[in-house]
Amino acid sequence: MTTTIPDTTTMTIDPTETPAVGPELARSWLLVNGSHTSRFDQAAQSAADAVVLDVEDSVAPADKAQARENVIAWLGSRNQEGQVNRAWVRVNGFGTAWWEDDLLALRDVPGLDGVMLAMTESPEHVTRTAEILRGTRIVALVETARGVQNLQDIATARSTYRLAFGIGDYRRDTGFGENPMALAYTRSQFTIASRAANLPGPIDGPAVGALGAKLAEATGVTDEFGMTGKLCLMPEQTATVNEGLSPSLSELSWATEFLGEFEAEGGQIRNGSDLPRLARARKVLGLASAFGMRLPEGYDMHFEAPTDTYHC
């Protein structure tokens, strides 16, 4: 978990200078019902790193064709700045009556950033999807016990871009409760499989209805298990998730101080702790740059190095 900050100083973030966060680092993935067209622009203007227009779980079977048309029409149109609207789309799972129709309709649509494939249970689901989509990024949303059993194979499928954990369906499939301890093994498997396959960090499931301290706590669990993204169900959740999955003020302060001292002393490895600390500091500062974060002017606090960087 992140270190508790002993004062109320907050990170400096200038929204006008914050760069767009690419999908490999995206923290908040905002799901939007494809039937609710009035919410598309609101989602695009939110703090979400990635907007995911949904034609799967949130849409009734009778409404799926219309929801698909809504999504395609919005992606093919332009916003007030004259730019093509962009988003991901959560498509129906392999083997369903709508899977192939979703893919054929979407594959040449401008503004499609990628698809989130629901109910992924095997690498074949990803491979077959990729054959139709022709190079489109695919996030494999794993939501069943069978899918978790096959996580390593799904992660190493050539077309898998990132893994995501569908908590609700997984809990219904397995009978697990919502306590973080009950899902600890599963979350760990997502992170291990992603790292072994050299994928970006996995995307955790949503905290349904949570805001404020409850959402911050849930996001802390996501971070504790090494997951670097989280599904969101409301625009109001995105800013909290972004903050919780970004470097903390203590991490940024430590990394800045460590690198300054390291370079001032000649940039030479001095002991067994320098290499892991150097890697961690560069990662923290790289993420901070990608997310448009910097230390407040005049900030001067000192923090201990992360516990996993000590030489032993």
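The structure displayed is predicted, hence computed values, not measured ones.

**Quick notes on the confidence of the model for the chain**
Inference 1: Of all residues in the chain, 93% attain a pLDDT of 70 or more, and the chain-wide mean is 92.
Inference 2: Counting interchain partners and residues more than four positions distant, the pLDDT-below-50 stretch residues 1-12 has 29 contacts.

**Side note on the packing of aromatic side chains**
Inference 1: Summed over all chains, the structure comprises nine aromatic pairs.
Inference 2: Seen from their ring centres, Phe94 and Trp99 are 4.8 Å apart, and the 70° between their planes marks the pair as edge-to-face.
Inference 3: Given the relative accessible area of 24%, Phe94 is considered partly exposed.
Inference 4: Relative to Tyr170, the ring of Phe165 lies with its centre 5.4 Å away and its plane at 70°, an arrangement referred to as edge-to-face. Each of the two residues, Phe165 as well as Tyr170, counts as buried.
Inference 5: Three or more aromatic residues joined by ring pairs make a cluster, and in this case those are Phe165, Tyr170, Phe176 and Phe190.
Inference 6: The ring of Trp98 has Lys64 sitting right over it, with the charged end atom 4.9 Å from the ring centre.
Inference 7: If you follow Arg137 out to its NZ or CZ, it ends over the ring of Tyr161, 5.5 Å from the centre.

**Structural notes on the nonpolar core**
Inference 1: Counting residues in hydrophobic clusters, the biggest one holds 50 residues, and the most contacted among them are Leu53, Val71, Leu75, Val89, Leu163 and Phe190.
Inference 2: If we skip the residues at most four places from it in the chain, Leu53 touches Val32, Phe40, Val71, Trp74, Ala87, Trp88, Val89 and Arg90.
Inference 3: Ala288, Phe291, Phe303 and Ala305 belong to the second-largest nonpolar core, a separate cluster that totals 17 residues.

**A closer look at the pairing of strand β6 (residues 138-142)**
Inference 1: Across the five residues that make up β6, a large majority, five, are buried.
Inference 2: Judged by which residues are buried, β6 turns out to be covered on both faces: Ile138, Ala140 and Val142 on one side and Val139 and Leu141 on the other are all buried.
Inference 3: Relative to β6, strand β5 (residues 112-117) runs parallel, the two being bridged by three bridges. Considered in β6, the bridge of Leu117 is made with Ala140.
Inference 4: Viewed along the sheet, the connection from β5 through helix α4 (residues 123-133) into β6 turns out right-handed.
Inference 5: The pairing of β6 with strand β7 (residues 160-165) spans five bridges and is parallel. Looking at the pairing, Val142 lines up with Phe165 of β7.

**A word on the environment of Arg171**
Inference 1: You can see Arg171 is positioned in helix α7 (residues 167-174).
Inference 2: Placed 28 residues apart in sequence, Arg171 and Glu143 show a C-alpha to C-alpha distance of 8.4 Å.

**Observations concerning the UniProt feature "binding site: substrate" (unreviewed entry) in the chain**
Inference 1: Mapped onto the present numbering, the UniProt feature "binding site: substrate" (unreviewed entry) falls at Arg90 and Glu143. Spatial clustering of the annotated residues is evident: they stretch over 54 residues in sequence, but the largest pairwise C-alpha distance comes to 13.3 Å.
Inference 2: Residue position: Arg90 is located in strand β4 (residues 87-91).
Inference 3: The exposure class assigned to Arg90 is buried, which follows from its relative accessible area of 8%.
Inference 4: Of the polar contacts made by the side chain of Arg90, one reaches the side chain of Asp54; its length is 2.8 Å.
Inference 5: By secondary structure assignment, the location of Glu143 is in the loop between β6 and α5 (145-149).
Inference 6: Judged by relative accessible area, Glu143 falls into the buried class, the value being 3%.
Inference 7: Residues in contact with Glu143, not counting those within four places in the same chain, are Ala118, Met119, Thr120, Gly166, Asp169, Tyr170 and Asp173.
Inference 8: A polar contact of 2.7 Å, which involves the side chain of Glu143, links it to the backbone nitrogen of Met119.

Each value, and the rule that gives it
Residues numbered from 1 in each chain as written. Predicted model: local features only at pLDDT ≥ 70, side-chain atom pairs only at ≥ 80, totals over all residues. Heavy atoms only, no water. pLDDT = per-residue confidence, 0-100. Contact = heavy atoms within 4.5 Å. Phe/Tyr/Trp six-rings, centres within 6.5 Å; stacked < 30°, edge-to-face > 60°. Buried < 20%, exposed > 50% of the residue type's maximum accessible area, 1.4 Å probe, protein only. Lys NZ or Arg CZ within 6 Å of the ring centre and 35° of its normal. Core = buried A, V, L, I, M, F, W, Y, C linked by side-chain atoms within 4.5 Å. Helix = DSSP H or I, 4+ residues; strand = E, 2+ residues; numbered from the N terminus. Pairing = 2+ DSSP bridges. Right-handed = clockwise from strand over helix to strand, strands pointing away. UniProt positions renumbered as here; feature names shortened; annotations may be inferred. Polar contact = N/O pair within 3.5 Å; in protein donor to acceptor, adjacent residues only side chain to side chain.

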